[in-house]
Amino acid sequence: MTASVPIEHGLALAAILFALGLIGLLVRRNIVYSLLSIEVMLNAAGLAFVVAGARWGQSDGQIMFLIIVTMAAAEVAVGLALVLRFSRLFKTLDGDAASRMRG
Amino acid sequence: MLNELWLIPALPLAGFLALAFLGARMPRGLAGFIGVGSVGLSAALTILIGLRFLGAPPPDNSYTQVLWTWFEVGKLSPQIAFCLDPLSLVMTFIVTGVGFLIHVYSLEYMRDDPGYARFFAYMNLFVSSMLILVLADNLLLLYLGWEGVGLCSYLLIGFWYSDPANCRAASKAFIVTRVGDTAMAIGLFLLATHLGSLNIHTVMEQAQVQWAVGAPLAVAAAALLLGGAVGKSGQLPLQVWLPDAMAGPTPVSALIHAATMVTAGVYLIARTHVIFELAPSVQGLVAAVGALTLLIAGISALAQRDIKRILAYSTISQIGYMFLALGVGAWSAAIFHFFTHAFFKALLFMAAGAIIVSLHHEQDIFKMGGLRKQLPAVFWTFLAGALSLVAFPFISSGFYSKDEILMLAWYSPQGGWHLWLAGLTGAVLTSVYTFRAVFIVFFGESNGHVTSKPGSMMTVPLWILAGLATLAGLVQTPITHLLERTPLWSETAGEQTAHTGELGLQVAAIAAGLLGIYIAWSRFVVHRDSTREWTETAAGAKLCALSASGCGFDWLYDMLFVRPFITAANFCKKDFTGAIDTAIVSVNMGLNYALHASQSGRIRWYATAMAIGAAITLAIVILL
């Protein structure tokens, strides 16, 4: 087996990706970008699984990644349908426009 | 051979269940068919079973059908069991028979009401409860029927619940009778504790064995049972609910006043008469209550303007006669008066209902007048009922039953001239207020205009009841002999021996009734104007107001109970326990305000909160 990427590097990359995704989710008001940011966060989590799986030499990490990808695909399907309805209803893509359910 | 006994109360109950659960989705015709049919079947079955019972009386003249044991707690194991003996047979016959006619009448009376199915559901439950009451083999089952009747009266008096006045009348009926019911419940506890059973037969036998005449426990038990009877039967001092019960539809008034509910008290005392015999002081009280009630109700009826209230007061007064009879130990006479009263009072209410519908829901007698020509069928049937109510000699059933009561009030060992005199005065009052109504409503010049005439569904029951009200007096001897076969039935007053001066009493009773009719004729037909002038003088107006208000009992109870209670409640509202309650509420309100600020409706704020929360949780897991 050739020298592998050290686990710290992989986890650091996953952390940076997750942080970027989170910041994007919190900062962007456009809901398409919100969905995009969530995808980034999901992939960051997936990367962490893969790295951990490689470290212990087990396939669980890759199986988890496959599950995450499947779930992400489903989530995007639902999410985009919501975006479509949202833009029809509010004539905008600004997430803050839909704040009628406040206390 | 009498195995179908349980079906008599079960059929109306089944009708109630069907109408209560499916009635809203049923076509009106089917709802009416179920409502009337269940009671009709029950009535037919009663006649069938009654014939078999009379044809081949079971041993002891009492047949008990045990269905199952209700529950077992210690010594007490009441059963769901029905008992048929001559007393309950007569009661069942009236409840189903008159109840059926009232149901048929309701088909037309309630035709346009939106709550058609609901009405018949309540009516069926009412009849079923009353049948459970009269057929019950033990006092606990009797109490179940007793409370069921109370519940139904509440539901039916407040049937038109969109008017708050009707709801008030319904609550009043429920609360006032509850006072009596509580006394009765305590009485049942006492009987169960000291006699070890609630089975009516066992209780009666045990009471005779264990208690001497005048024993304190017997007096207490009898007094508590009397409390219950007084509440249900609208006697002094709990009579105030009955006139207000007129808020319900007229068939309900007929059912409450004739066949069910108010006669429950009479039945209870007749059923447990052994206990009353062991407590002569309470039995004397029963007679006194009856005598006072019939006088006060008679006076109250004199100045009423509402035709249904006149009839309501007449019911209170007639049940006063029954109590008078019970008080002097004339059980059969009381039940026989109940028997005739059921026919003529149902008839009077239904005839009054026919008038009210024809005049487009007008109940004030002074806005009627001259209806003799316009509604002849109603006039003749109402007249038959009125003659029976005033005990018109020979051609009315009321004559035979009331005459018997007056006679026994004089001759019975517990009776006396004062009870007889009260009854006689009551008889004069009865004819005055009854014929006041007859003359004002049917004679004189016409005031209202008849918008519609009652159809055959209404007139046929009226004619049947008119026939019964006229002829029921003929069965006096058979009924009395039948009742005497009831187990433990001991007439202390009923010896049919010839007394000296009997004829004189009879003549006096007849004269009293005719005198009342004459007074009504001279005051309200011949000298109507002078009567009206008299009511406008100061003294006349005061007397009229007193009579119209039911001798001021409502005012008295308002002063004695309602106002002090409201004052106390208002006072208690301000004390420190109230402050604690208020504090809890305001703390919760404050927290609510604080938290609802965080619910902004913005999804990014929620995401931020989740991220911060996740970070804090992680920090706790890692650092601690």
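Here the residue index of a chain counts from 1 through its sequence in written order. Key to labels: chains lettered from A, ligands numbered from 1, both in the order written. Totals for whole chains, interfaces and linings use all residues, but because this is a predicted model, local features are given only for residues with pLDDT of at least 70 and pairs of side-chain atoms are given and counted only at 80 or more. As a convention, hydrogens and water are excluded, and side-chain values are obtained from all of the structure's heavy atoms.

A. Main features of the overall build of chain A. For chain A, the helix and strand inventory stands at three helices and zero strands. Element order for chain A, N to C, with α for helix and β for strand: α-α-α. Relative to the 2.2 N^0.38 estimate, which gives 13 Å for 103 residues, the radius of gyration of chain A is 17 Å and therefore markedly larger than a compact globule would have. For chain A, the spread of C-alpha atoms along the three principal axes comes to 55 × 25 × 25 Å. Burial statistics for chain A: of 103 residues in total, 25% are counted as buried. Only heavy atoms matter for contacts: two residues are in contact if any of them lie within 4.5 Å across the pair. Considering only intrachain contacts with a sequence separation of at least 6, the fraction spanning at least 24 residues in chain A is 53%. Counting only carbon and sulfur atoms, one obtains 72% of the accessible surface of chain A, whose full area is about 7,100 Å². Note that His is not counted, nor are the chain ends; the positive residues are Lys and Arg, and the negative ones are Asp and Glu. Here the site of a charge means atom NZ of a Lys, CZ of an Arg, CG of an Asp or CD of a Glu. Distance between charge centroids for chain A: 16 Å, based on 8 positive and 6 negative side chains. In this description a helix means any DSSP run of H or I spanning at least four residues, a strand means any run of E spanning at least two, and both kinds are numbered starting from the N terminus. We compute the radius of gyration over the C-alpha atoms and compare it with the globule rule, which gives 2.2 Å times the number of residues raised to the power 0.38. Buried residues are those whose accessible area, probed at 1.4 Å on protein chains only, stays under 20% of the maximum for their type, while exposed residues exceed 50% and partly exposed ones sit between those limits. For the accessible areas, the method is Shrake-Rupley and the probe is 1.4 Å, while residue cover comes only from the protein chains on display.

B. Examining the interface of chain A and chain B more closely. Taken together, the contact between chain A and chain B spans 12 residues of the former and 10 residues of the latter. A simple way to read buried area is as the amount of 1.4 Å-probe accessible surface that goes missing from two parts once joined, with both sides added. Buried surface at the junction of chain A and chain B, both sides included, amounts to about 940 Å², of which 53% is carbon and sulfur. One side-chain nitrogen of Lys or Arg within 4 Å of one carboxyl oxygen of Asp or Glu is enough to make a salt bridge. On the surface where chain A and chain B come into contact, there are one salt bridge. Aspartate 96 of chain A is the salt-bridge partner of arginine 604 of chain B, the closest N and O atoms lying 2.8 Å from each other. Between N or O atoms, a polar contact is any pair within 3.5 Å; within protein, one atom must be a potential hydrogen donor and the other a potential acceptor, and residues adjacent in sequence are included only when both atoms are from side chains. Counting the contacts that link chain A with chain B gives three residue pairs in polar contact (both at pLDDT 80 or more). Taken together, the residues of the side of chain A that touches chain B break down into six nonpolar, two polar and four charged. Gly falls in the polar group here, along with every residue not listed as nonpolar (Ala, Val, Leu, Ile, Met, Phe, Trp, Tyr, Cys, Pro) or charged (Asp, Glu, Lys, Arg).

C. A look at the pattern of salt bridges. All names here are of chain B. Per the counting criterion, the structure on display carries 12 salt bridges over all chains. Glutamate 4 serves as the salt-bridge partner of arginine 52, at 3.3 Å between the closest nitrogen and oxygen. Separated by 48 residues along the polypeptide, arginine 52 in helix α2 (residues 28-55) and glutamate 4 in the segment before α1 (7-22) bring together distant segments of the chain. Put simply, aspartate 554 and lysine 172 hold a salt bridge, and the shortest N to O gap is 2.8 Å. Highlighted residues: aspartate 554 in helix α25 (residues 553-573) and lysine 172 in helix α6 (residues 164-195), separated in sequence by 382 residues.

D. View of the state of the cysteines. Residue and element names in this part refer to chain B. Whenever a pair of cysteine sulfur atoms sits within 2.5 Å, that pair is classed as a disulfide. This structure, assessed with the given rule, holds zero disulfides over all chains. Summary of cysteine pairing: cysteine 152 is not part of a disulfide, and the nearest cysteine sulfur, belonging to cysteine 167, is at 17 Å. Classification of cysteine 152 as buried rests on a relative accessible area of 0%.

E. Fine view of the nonpolar core. Residues and elements named next belong to chain B. With 208 residues, the main nonpolar core has Leu142, Leu191, Trp211, Phe323 and Ile355 as its most contacted residues. Counting residues per element, this core draws most heavily on helix α15 (residues 331-358), at 20 residues. Sequence-distant contacts of leucine 191, defined by excluding residues within four places in its chain, comprise Leu139, Gly196, Ser197, Leu198, Val203, Trp211, Ala221, Leu225 and Ile275. Here the nonpolar core consists of buried residues drawn from Ala, Val, Leu, Ile, Met, Phe, Trp, Tyr and Cys, with membership extended through side-chain atoms lying within 4.5 Å.

F. Expanded view of the pairing of strand β2 (residues 79-84) of chain B. Residues and elements named next belong to chain B. With five of its six residues buried, β2 lies for the most part within the structure. Whether two strands pair depends on DSSP finding at least two bridges between them. Bridge analysis of strand β1 (residues 63-69) against β2 gives six bridges, and the strand direction is antiparallel. Looking at β2, one finds that tyrosine 63 is bridged to leucine 84.

G. Representation of the confidence of the model for chain B within the structure. Residues and elements named next belong to chain B. Mean pLDDT for chain B: 84, with 98% of residues reaching 70 or above. Confidence scores differ between elements of chain B, with helix α23 (residues 528-536) showing the lowest mean pLDDT of 76 and helix α27 (residues 603-623) the highest of 91. Model confidence for the complex is summarised by a pTM of 0.77, with the ipTM given as 0.86. Looking at any residue, its pLDDT shows the predictor's confidence there, from 0 to 100.

H. Structural context of helix α14 (residues 307-327) of chain B. Residue and element names in this part refer to chain B. Over its 21 residues, α14 runs 30 Å from end to end, which matches the ideal 30 Å to within 8%, given 1.5 Å per residue. Within α14, 20 of the 21 residues are buried, which leaves the element mostly enclosed by the surrounding structure. Where α14 begins, one side-chain oxygen reaches toward the backbone nitrogen of lysine 308, 2.8 Å away; that side chain belongs to aspartate 306. One or two residues past the end of α14 sits glycine 329, with phi positive at roughly 85°. A helix is expected to reach a length of 1.5 Å times the quantity of its residues less one.

I. Representation of unusual backbone geometry. The backbone phi angle of lysine 91 of chain A is positive, close to 55°, even though this residue is not glycine. Following the sequence through the fold, lysine 91 of chain A ends up in the segment after α3 (60-90). Even without glycine at this site, alanine 391 of chain B takes up a positive phi of about 60°. You can call alanine 391 of chain B buried: its relative accessible area is 12%.

J. Structural view of a nonpolar patch on the surface. Residue and element names in this part refer to chain B. Without a salt bridge and with relative accessible area above 30%, a residue can belong to a patch; like charges are then joined within 9 Å and nonpolar side chains (Val, Leu, Ile, Met, Phe, Trp, Tyr) within 5 Å. Taken together, Trp555, Leu556, Met559, Leu560, Phe561, Val562, Phe565 and Ile566 make up a surface patch of nonpolar side chains, about 850 Å² in accessible area. Topologically, valine 562 is positioned in helix α25. Take valine 562: its relative accessible area is 40%, and that puts it in the partly exposed class.

K. Local environment of the environment of isoleucine 275 of chain B. Residue and element names in this part refer to chain B. Residue placement: isoleucine 275 occurs in helix α12 (residues 273-277). A sequence separation of 84 residues divides isoleucine 275 from leucine 191, and the C-alpha atoms of the two residues are 10 Å apart. Excluding residues that lie within four positions of it along the chain, isoleucine 275 makes contacts with Leu191, Val203, Met204, Ala207, Ala218, Ala221, Ala222 and Leu225.

L. Main features of the packing of helix α5 (residues 139-157) of chain B against α6 of chain B. Residue and element names in this part refer to chain B. Where α5 contacts α6, the two axes come as close as 8 Å, and the packing angle between them is 170°. If you check the angle between α5 and α6, you find them roughly antiparallel. Residues Leu139, Leu142, Tyr143, Trp146, Glu147, Gly150, Leu151, Tyr154 and Ile157 of α5 touch α6, and the partners they reach there are Asn166, Ala169, Ala170, Ser171, Ala173, Phe174, Arg178, Asp181, Met184, Ala185, Leu188 and Leu191. When the residues that make up the contact of α5 with α6 are grouped by side-chain class, the tally is 15 nonpolar, three polar and three charged. Helix axes use the C-alpha atoms of the stretch in contact, all axes being lines fitted to C-alpha atoms, and the angles between their N-to-C directions lie in the range 0 to 180 degrees. Angles are sorted into four bins: roughly parallel if under 35 degrees, roughly antiparallel if over 145, roughly perpendicular if 65 to 115, and oblique for all others.

M. Representation of the side chain of serine 388 of chain B. Residue and element names in this part refer to chain B. Inspection of the secondary structure puts serine 388 in helix α17 (residues 376-389). Residue serine 388 is classed as buried on the basis of its relative accessible area of 1%. Looking at serine 388, its side chain comes within polar contact range of the main-chain oxygen of alanine 469, at 3.3 Å. Contacts of serine 388, omitting those with residues within four sequence positions, involve Phe344, Ser396, Ser397, Gly398, Phe399 and Ala469.

N. Expanded view of the side chain of glutamine 304 of chain B. Residue and element names in this part refer to chain B. You can see glutamine 304 is positioned in the loop between α13 (280-301) and α14. Within the structure, glutamine 304 has its side chain in polar contact with the backbone oxygen of serine 300 (distance 2.9 Å). If we skip the residues at most four places from it in the chain, glutamine 304 touches Arg309, Ile310, Tyr313, Ile365, Arg436, Ser547, Ala548 and Gly550.

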